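Chains, contacts and geometry: an overview
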Amino acid sequence: MNLGYLESVIKQFEYYKLLGEKTFSQLDDEDLFWKYNEDSNSISVIVNHLSGNMLSRWSDFLNSDGEKVWRKRDEEFENNIKTREVLMQKWNQGWNCLLETLYSLKESDLTKVIYIRNEGHTVIEAINRQLAHYPYHIGQIVFIGKMITNNNWKSLSIPKGNSQKYNDEKFSKEKKKRHFTDDFLKNNKES
């Protein structure tokens, strides 16, 4: 059962990673640095924060506190990424750290206790904590992208007005157990 849990969360993290990347692909380089106002975060700042969090939380995951002494969280919210290339390097560095850690876990690891700022979490609780945190920020990235592209936005889910068509297609298939991200992730690997 727990290996099924790991497989499911890995697919969910990969899904949210892909949502971010599909947003980036709809934006011009300068859009990645746009801010609604001075108190808002740009996509590049959100990526910088996600990467910093992922590297801190998932490096040496089972052995050291998830809030590493080398992390400078406040600096993650400064606009220090200047190009799409650097943004993508940070993005991939964070996600690779997370996914490599998740792929390395064994079922026996899931009930171990790890610490984040000296607060104990089972590995499952730590994973769930980040599975709530990262999609929160991916949603911000998608929303910013949608605001910038306005009427040129290409939906990342079921486009408005297509719910019935989507449901008809789903209900025309035989019932079977599957993960909700399977088609989305499969289609991306094929393209």
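Anyway, here's the lowdown on the structure attached to this text. Computed from a predicted structure; not experimentally measured. (Residues numbered from 1 in each chain as written. Predicted model: local features only at pLDDT ≥ 70, side-chain atom pairs only at ≥ 80, totals over all residues. Heavy atoms only, no water.)

Focus: the pairing of strand β1 (residues 113-116)
Covered by surrounding structure in β1 are Ile114 and Ile116 only, the residues Val113 and Tyr115 on the alternate face being uncovered. Following β1, the chain reverses through 2 residues before pairing antiparallel with strand β2 (residues 119-122); Arg117 in that reversal takes a positive phi of roughly 55°. (Buried < 20%, exposed > 50% of the residue type's maximum accessible area, 1.4 Å probe, protein only. Helix = DSSP H or I, 4+ residues; strand = E, 2+ residues; numbered from the N terminus. Pairing = 2+ DSSP bridges.)

Section: the packing of helix α2 (residues 43-58) against helix α3 (residues 84-104)
It is at 8 Å that the axes of α2 and α3 come closest, and there the two elements cross at 30°. Relative to α3, the element α2 lies roughly parallel. In terms of crossing hand, the pair formed by α2 and α3 is left-handed. In contact with Ile43, Ser44, Val47, Asn48, Leu50, Ser51, Met54, Leu55 and Trp58 of α2, α3 contributes Leu87, Lys90, Trp91, Gln93, Gly94, Trp95, Cys97, Leu98, Thr101 and Leu102. (Axes fitted to C-alpha atoms, helices over the stretch in contact; angles between N-to-C directions. Parallel < 35°, antiparallel > 145°, perpendicular 65-115°, else oblique. Left-handed = near helix turned anticlockwise from the far one by under 90°. Contact = heavy atoms within 4.5 Å.)

Structural notes on the nonpolar core
If you look at the biggest cluster of nonpolar residues, it comprises 44 residues, and the most contacted ones within it are Phe13, Ile43, Trp58, Ile127 and Ile141. Counting only elements with at least two residues in this core, the list comes to α1 (2-24), α2, α3, β1, α4 (123-149) and α6 (182-190). Leaving out residues up to four positions away in the same chain, Trp58 has contacts with Cys97, Leu98, Thr101, Leu102, Ile127, Gln130 and Tyr134. (Core = buried A, V, L, I, M, F, W, Y, C linked by side-chain atoms within 4.5 Å.)

Description of the pairing of β2
In the sheet, β1 pairs with β2 via 4 bridges, with the strands oriented antiparallel. Bridge pairing in β2 links Val113 to Thr122.

Describing the packing of α3 against α4
As a packed pair, α3 and α4 sit with axes 14 Å apart at the nearest point and diverge in direction by 155°. Judged by the inter-axis angle, α3 sits roughly antiparallel to α4. Helix-helix and strand crossings are classified by hand; for α3 and α4 the assignment is left-handed. Each of Trp91, Trp95, Leu98 and Leu102 in α3 lies in contact with α4, whose residues at this interface are Ile127, Tyr134, Ile138 and Ile141. Across the contact of α3 with α4, the residue classes break down as 8 nonpolar, no polar and no charged. (Nonpolar A, V, L, I, M, F, W, Y, C, P; charged D, E, K, R; others polar.)

A short note on unusual backbone geometry
In the Ramachandran plot, Asp60 falls in the positive-phi region, its phi being about 50° despite a non-glycine side chain. Looking at the element boundaries, Asp60 is found in the loop between α2 and α3. Take Asp60: its relative accessible area is 44%, and that puts it in the partly exposed class. Even without glycine at this site, Asn118 takes up a positive phi of about 70°. Secondary-structure assignment places Asn118 in the loop between β1 and β2. Classification of Asn118 by relative accessible area gives exposed; the value is 69%.

Considering the pattern of salt bridges
Applying the stated criterion across every chain, the model contains 10 salt bridges. Lys11 is the partner of Glu7 in a salt bridge, and the nearest nitrogen-oxygen pair spans 3.6 Å. Here Lys11 and Glu7 lie together in helix α1, a separation of 4 residues that amounts to about one turn. We classify Lys11 as buried; its relative accessible area is 19%. The closest approach of N and O atoms between Arg71 and Glu76, which form a salt bridge, is 2.7 Å. Connected through salt bridges with shared partners, the residues Arg57, Glu67, Arg71, Glu76 and Arg117 form a single ionic network. (Salt bridge = Lys/Arg side-chain N within 4 Å of Asp/Glu carboxyl O.)

Regarding the environment of Glu100
Within the secondary structure layout, Glu100 lies in helix α3. Taking the C-alpha atoms as reference points, Glu100 and Ile127, 27 residues apart in sequence, are found 13 Å from one another.

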